[in-house]
Amino acid sequence: KQWYQRRVAITAGEILPLVFRTFNFFRMSHRKFRAPRHGSLGFLPRKRCARHRGKVKSFPKDDKSKPCHLTAFMGHKAGMTHILREVDRVGSRSHKKEVVEAVTIVETPPMIAVGVVGYIETPRGLRTFKTVFSQHISDECKRRFYKNWYRCKKKAHNRTGQKWADEAGKESIEADFAKMKKYCVAIRVLCHTQPKLFKLRDKKAHIMEVQINGGSIADKVDFARSLLEKPISVKDLFAQNEMIDVIGVTRGHGFKGVTYRWGTKKLPRKTHKGLRKVACIGAWHPSRVGFAVPRGGQFGYHHRTEVNKKVYRIGVKGDAKSASTPFDLTDKPITPMGGFHHYGLINEDFLMLKGCVMGPRKRVLTLRKSLLTHTKRSALEKIELKFVDTASKWGHGRFQTDAEKKAFQGLLKKDREAME
């Protein structure tokens with residue numbers, strides 16, 4: 001009996017600490033819910049992007065049953081405005097109600113195709129197999145191959161252009177295209193923007209590879225060859241109501257402290273040597289600062305991809321009614337009065353995207369076809385705009401057009417003199 005009592009006492013003494021430890025484990029999990037860590041570790045390292053142009057790191061999955069088509073495009077962010085529309089989403093509280101939404105205008109002049117690149121499959125992924133350049137390449141594109149255009153000899157791609165002139169060169173080009181059709185698994189087109197159409201300070205064109213999806217490899221090569229030296233319009237890639245992805249570099253903010261950069265809690269007012277700090281950056285050992293501890297550093301100018309941006313409208317160059325709707329019959333272009341803030345006029349094709357996109361005005365953006373097959377009602381909803389705001393963005397814009405302003409305020413002296 002004594003042995004049995006002693007055994008029970010020993011067992012209880014062993015079990016009780018385990019019970020308390022388990023209770024404390026569950027009790028201490030409150031930090032996860034009441035004071036979670038500040039900032040996401042999924043975007044590390046938060047440093048300046050190496051490239052100014054957004055890079056497409058994944059193209060949409062190829063479907064050979066569809067016709068050949070391009071999968072990406074480039075444009076410049078011009079600014080934002082707002083629109084009025086009626087929601088068409090059965091079951092939603094907003095159904096049949098008018099909503100005002102912010103939209104971004106991205107100017108997208110035609111791009112020029114200047115090359116074809118074929119890729120083969122290797123154990124370590126895709127590898128370039130053959131590259132064929134077009135006969136003529138503009139100076140805008142050649143500027144991208146030099147650091148100093150003024151001092152260089154400007155001889156880039158002279159020999160590639162000469163290949164198209166003689167018979168031996170043509171034979172080698174045909175042989176390259178034939179090898180692409182035989183061995184390659186992916187075909188991409190080298191395209192560049194046209195800075196002269198943007199009316200910005202840029203003179204160097206942005207160059208990118210755009211993958212061709214749909215059809216067989218032979219069809220892809222023929223399709224790519226038919227695009228060489230020809231302008232590619234944005235309406236050839238995207239359509240209204242389509243969901244697309246936007247890739248670019250965010251607005252830079254330089255070196256920022258830990259409170260601004262990570263959103264950590266400020267210390268009490270009387271804290272010695274400042275209060276916008278992290279109180280404890282780690283234990284004595286291990287004797288180093290962990291990677292997950294918030295610290296000050298670079299904030300902004302990071303490479304980001306935003307998915308599922310709906311195309312509300314595709315504007316065409318020279319359309320004087322690009323901001324008109326069936327409900328607002330005023331003839332007005334998309335450019336607001338006084339021009340877009342720090343951008344200017346929209347003179348080329350443009351996309352109207354729902355919501356905001358990364359980067360400041362004039363930032364080059366890469367527009368990519370969506371990687372997903374969309375089934376949600378918000379993605380499949382048909383958009384019918386009732387009103388597009390074109391009032392001045394420089395102040396409290398009151399008038400939608402210059403004619404409306406003159407009809408209300410009367411003619412200016414210079415207008416009367418011009419009429420005389």
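Attention here is on the structure that accompanies the text. (Residues numbered from 1 in each chain as written. Predicted model: local features only at pLDDT ≥ 70, side-chain atom pairs only at ≥ 80, totals over all residues. Heavy atoms only, no water.)

### Considerations on the nonpolar core
Inference 1: Ranked by internal contacts, the top residues of the largest apolar core, which has 43 residues, are Ile 187 and Leu 353.
Inference 2: Not counting the four nearest positions on each side in its chain, Ile 187 is found in contact with Val 116, Val 117, Gly 118, Met 180, Val 210, Gln 211, Ile 212, Ile 217, Lys 220, Val 221 and Ala 224. (Core = buried A, V, L, I, M, F, W, Y, C linked by side-chain atoms within 4.5 Å. Buried < 20%, exposed > 50% of the residue type's maximum accessible area, 1.4 Å probe, protein only. Contact = heavy atoms within 4.5 Å.)

### Overview of the state of the cysteines
Covalent bonding between the sulfur atoms of two cysteines defines a disulfide.
Inference 1: What the rule picks out here adds up to zero disulfides.
Inference 2: In this structure Cys 68 is a free cysteine whose sulfur lies 14 Å from that of Cys 184, the closest cysteine sulfur available.
Inference 3: Relative accessible area serves as the criterion here: at 5%, Cys 184 is assigned to the buried category. (Disulfide = S-S within 2.5 Å.)

### Digging into the layout of surface pockets
Inference 1: The computed volume of the largest pocket comes to approximately 560 Å³.
Inference 2: Residue lining of the largest pocket: 23 residues in total, with Lys 66, Glu 242, Lys 369, Ser 370 and Leu 372 positioned closest to the centre.
Inference 3: Class assignment for the residues of the lining of the largest pocket results in eight nonpolar, seven polar and eight charged. (1 Å grid on protein atoms, 1.4 Å probe; cavity = no way out; pocket = protein on both sides within 12 Å on 5 of 7 lines; lining within 4 Å. Points joined across faces, edges and corners; volume = space filled by probe spheres on them. Nonpolar A, V, L, I, M, F, W, Y, C, P; charged D, E, K, R; others polar.)

### Topic: the packing of helix 5 (residues 167-183) against helix 7 (residues 217-227)
Inference 1: Their axes nearest at 8 Å, the elements helix 5 and helix 7 cross at an angle of 145°. Along its contact with helix 5, which presents Glu 174, Phe 177, Met 180 and Lys 181, the element helix 7 presents Ile 217, Ala 218, Val 221, Asp 222 and Arg 225.
Inference 2: For the contact of helix 5 with helix 7, the class distribution of residues is five nonpolar, no polar and four charged. (Axes fitted to C-alpha atoms, helices over the stretch in contact; angles between N-to-C directions. Helix = DSSP H or I, 4+ residues; strand = E, 2+ residues; numbered from the N terminus.)

### Some details on a nonpolar patch on the surface
Inference 1: On the surface, Leu 41, Leu 44 and Phe 291 cluster together to form a nonpolar patch covering roughly 280 Å² of accessible area.
Inference 2: Among the structural elements, Leu 44 can be located in the loop between helix 2 (30-34) and strand 1 (69-70).
Inference 3: Residue class for Leu 44 comes out partly exposed when judged on its relative accessible area of 31%. (Patch = residues over 30% accessible without salt bridge, like charges linked within 9 Å, V, L, I, M, F, W, Y side chains within 5 Å. Areas by Shrake-Rupley, 256 points an atom, 1.4 Å probe, with all protein chains shown as cover. Salt bridge = Lys/Arg side-chain N within 4 Å of Asp/Glu carboxyl O.)

### Concerning the packing of aromatic side chains
Inference 1: Scanning the entire structure with this criterion turns up four aromatic pairs.
Inference 2: Centroid distance Tyr 260 to Phe 299: 5.3 Å. Interplanar angle 90°. Geometry classified as edge-to-face. On the criterion of sequence distance, the pair formed by Tyr 260 in helix 8 (residues 258-262) and Phe 299 in the loop between strand 11 (297-298) and strand 12 (303-315) is long-range, its members being 39 residues apart.
Inference 3: Here Tyr 260 falls in the partly exposed class, since its relative accessible area comes to 41%.
Inference 4: For Lys 130, the ring lying beneath its charged end belongs to Phe 129, and the centroid distance is 5.8 Å.
Inference 5: For the cation-ring pair, Arg 188 lies above Tyr 119, with the distance from its terminal atom to the ring centre recorded as 4.6 Å. (Phe/Tyr/Trp six-rings, centres within 6.5 Å; stacked < 30°, edge-to-face > 60°. Lys NZ or Arg CZ within 6 Å of the ring centre and 35° of its normal.)

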